[in-house]
Each structure stands twice: as structure tokens, then as C-alpha cells.
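# Overview (structure and organization)
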Amino acid sequence: MAALSEFDVIDRYFRRPASSAILGIGDDAALVTAAQGCELAISVDMLVEGRHFETGVDPESLGHKTLAVNLSDMAAMAAKPRWALLAGALPRADAAWLESFARGFFALADAHGVELIGGDTTRGPLNLCVTILGEVPAGRALRRGGARPRDSIWVTGRLGDAALALAHRRGEVELDADELAACTHALMRPEPRVDFALRLRGLATAAIDVSDGLAGDLPHVLRASGVGAEIDIAAMPRSGAMERLLGGEARPTALQCLLAGGDDYELCFTAASENDDAIAARAREGHLAATRIGTIVEGSTLFVRDERRIALSPPRGFAHFAV
């Protein structure tokens, strides 16, 4: 069987007829136009083998995650994702791998109405990069700089399970088979909270997606908004596996995973406390768990309340350039 060229890879696995774009894959550049009254939200994320995912991971799950991390950025801005560009360095053009990867990528793209409109491929160490474009009504994007003292702090879903999967593989915690399967699913199949984020327009004051751990990401909101925060560990949503580990000898490691593990891709947002009931109602309407975990305070410090009130200084999440 003849080796696949760059153009074979694009044509066979990634080219689709343009539906919402004026011009999609096949020219030197794609052409799109935003809906009237909307601004374009644009984000890019890269996943590198050995840094963001392990060698030999399921390619269908990797296809899902490659797009999911970008959709999570759109959720943080309350933007509706529309178009994506995919660039990838591949060690080789493996037909079975490409077919599986594309299946995972397009299943999530179709679920969110995202059209792949271009990209690039080359040979090299496995490296995947997506640029995503979304639309948001002018002036209504969620930003990091809108949190105010006495606002409630919320997170969606559960925190720390993806980090637990990695901690198990490193031998730092012990998960049973069912726990490991659930935590691995959280690591490789994150669910971007786009639909719920659109329901937060007009309610939330600031937002960020939790990609590097709550203790690493929430401070970005605090700095942009010029405020501090106090979060309650007891209120932070967690799985049964996390709860079990927090109650035993592995508590320090589990607590690190809960607070700063990374790869959650949940939404952390703030809102005026008088909107607590409305937010809870919208979460129920969307069949999504959203949990109030703390309060924005005066100052600039992130406090964590466990057995006692502790200032996290400096707060740290996943570090991309750590040795």
C-alpha cells in the first residue's frame, strides 16, 4: 500500500463540504463571516505527546480531547463555537490511527456544531494544535476581570479525577478498576461546558476554564478583577474515589489533585450572590451539576478553608514548563 501524502491525509480523513463557512478546506485560507451583531472569540491550544498525553493513548479519545480543550475556552467566554483549524505533526501517516482520531474529533465537533475549515499536517513528534473561532453577541463575552467582592464562586462538574488517574499511574494513589476507568474517562474525555456557559450570559460576572487546576486558574480571575477569594474545600465537588482518598493516608496527594491537578476542563465562574438561585435553576435545566464553592473577597489573596483558613501563596496549578 502506497504511503499517504499530506494531501491524502487531509482529503481522506479531514475534508468535509463547507456548510457554515464561505470557503472551507481546499484553498490557501478559509473564509468566514460572523453573524450580525456578534464578535469573534478566537483561541488556540496545543497538545504534545509526553507532556499533555501519554504515548499510545486511544486515538479516538485523543481526537475528542484535542477539540474539547478548545471548546472549553469558548465556554469560558460564553461564546458559541463555530469553526476550527487543526494542525498536526505526525510520526507517520497511520491509516487506522487517523481514522480513529478523526472519528473522535468529528463526533465532538458535530455535537457542538463546529466546522473544520482548515489546518496543516507535517511529519514529526506527535503534536496537535487547534485554533477555534466562536461567536458571542457584542459586549456580552464573559471575561476574567468582572468579579466583585461578595460574588459567589461556582464550578461545574467535579474536580480532580483526571489528576487522580495520573497519580494512580505514578503509584501515588491506589484506585480500583471502576475508579480508574471513571478517572481515565475524565482525563481523556472531558465534557466542555459550552451549553451551560451560554445560559450564564447576563448572570455570571467572570469566568475561566479549569485546565491547570483550580488553584492555578482562579488566581487569573482574581488578578484581572483586583480581588481575593475564599474557597471551602468541603464544598468542592468530588467523586466517590476522591472522597475516599481524602479520608485516608493518601489525603495530601488527593488534596493536591483536587485543588491543583489540572485537566479538569470544568468551568469556574463568579456571579452576584443574589443570582445563586437562578444559576442553580439553569444548571438543573441543563442537567449539569454546578456547585457554589466560595466567595470573592476584598484584597488579593486566595484563601482555602479546610480545618483552618490558609492563604495559598503563591497558588500553583499544573506548570507547563516544570522540569
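What you are looking at is a predicted structure, and each value in this text was computed from that prediction instead of being measured.

## With respect to the overall build of the protein chain
On a plain count of helices and strands, the protein chain comes out with 10 helices and 11 strands. The globule rule puts the C-alpha radius of gyration for 323 residues at 20 Å, and the 20 Å found for the protein chain is close to it. Taking all 323 residues of the protein chain together, 51% fall into the buried category. Across the protein chain, the fraction of contacts at a sequence separation of at least 24, relative to all contacts at a separation of at least 6, is 85%. Here the protein chain has roughly 15,100 Å² of accessible surface; of this, 51% comes from carbon and sulfur atoms. Placing the 33 positive and 44 negative side-chain charges of the protein chain at their respective mean positions leaves the two points 4 Å apart.

## Thoughts on the packing of helix H4 (residues 161–169) against helix H5 (residues 177–188)
The N-to-C vectors of H4 and H5 enclose an angle of 120°; their axes lie 7 Å apart at closest approach. With respect to H5, the axis of H4 lies oblique. Regarding H4 and H5, the two cross each other, and that crossing is left-handed. Here Asp 161, Ala 162, Leu 164, Ala 165, Leu 166, His 168 and Arg 169 of H4 lie close against H5, whose contacting residues are Leu 180, Cys 183, Thr 184, Ala 186 and Leu 187. Within the contact of H4 with H5, the residues separate by chemical class into 8 nonpolar, 2 polar and 2 charged.

## Comments concerning the confidence of the model for the protein chain
For the protein chain, the mean per-residue pLDDT works out to 90, and 90% of the residues sit at or above 70. Every residue in residues 317–323 is under pLDDT 50, and counting partners more than four places away or in other chains gives 14 contacts.

## Topic: the packing of aromatic side chains
The tally for this structure, following the rule as stated, stands at 5 aromatic pairs. Their ring planes at 25° and their centres at 6.3 Å tell us that Phe 101 and Phe 105 sit as a pair that is stacked. With a gap of 4 residues between them, Phe 101 and Phe 105 both fall in helix H3 (residues 95–111), about one helical turn apart. For the pair Phe 101 and Phe 105, a shared accessibility class is recorded, and that class is buried.

## Things to note about the side chain of Asp 161
When you line up the elements, Asp 161 lands in helix H4. Within the structure, the side chain of Asp 161 is placed 2.7 Å from the side chain of Ser 239, a separation counted as a polar contact. Those residues in contact with Asp 161 that lie beyond four places of it in its chain are Cys 183, Ala 186, Ser 239, Met 242 and Asp 264.

## Notes on the sheet that holds strand E2 (residues 80–90)
Taking strand neighbours across the sheet as the criterion, the 4 strands line up as E1-E4-E2-E3 in an open arrangement whose pairing is mixed. Pairing within the sheet leaves two strands with one partner each, and these edge strands are strand E1 (38–48) and strand E3 (115–123). If you compare each strand with its neighbour and ignore which way they point, the axes differ by 15° on average. Bridge count for E2 against E3 is 8 bridges, and the pairing is parallel. Bridge pairing links Leu 90 to Arg 123 in E3.

## Observations concerning the environment of Ala 141
The residue Ala 141 is located in the loop between strand E4 (127–137) and strand E5 (152–156) in this model. The residues touching Ala 141, leaving out its near neighbours within four places in the chain, are Met 77 and Val 136.

What counts as what
Residues numbered from 1 in each chain as written. Predicted model: local features only at pLDDT ≥ 70, side-chain atom pairs only at ≥ 80, totals over all residues. Heavy atoms only, no water. Helix = DSSP H or I, 4+ residues; strand = E, 2+ residues; numbered from the N terminus. Rg over C-alpha atoms; globule rule 2.2 N^0.38 Å. Buried < 20%, exposed > 50% of the residue type's maximum accessible area, 1.4 Å probe, protein only. Contact = heavy atoms within 4.5 Å. Areas by Shrake-Rupley, 256 points an atom, 1.4 Å probe, with all protein chains shown as cover. Lys, Arg positive; Asp, Glu negative; His and termini not counted. Charge placed at Lys NZ, Arg CZ, Asp CG, Glu CD. Axes fitted to C-alpha atoms, helices over the stretch in contact; angles between N-to-C directions. Parallel < 35°, antiparallel > 145°, perpendicular 65-115°, else oblique. Left-handed = near helix turned anticlockwise from the far one by under 90°. Nonpolar A, V, L, I, M, F, W, Y, C, P; charged D, E, K, R; others polar. pLDDT = per-residue confidence, 0-100. Phe/Tyr/Trp six-rings, centres within 6.5 Å; stacked < 30°, edge-to-face > 60°. Polar contact = N/O pair within 3.5 Å; in protein donor to acceptor, adjacent residues only side chain to side chain. Pairing = 2+ DSSP bridges.

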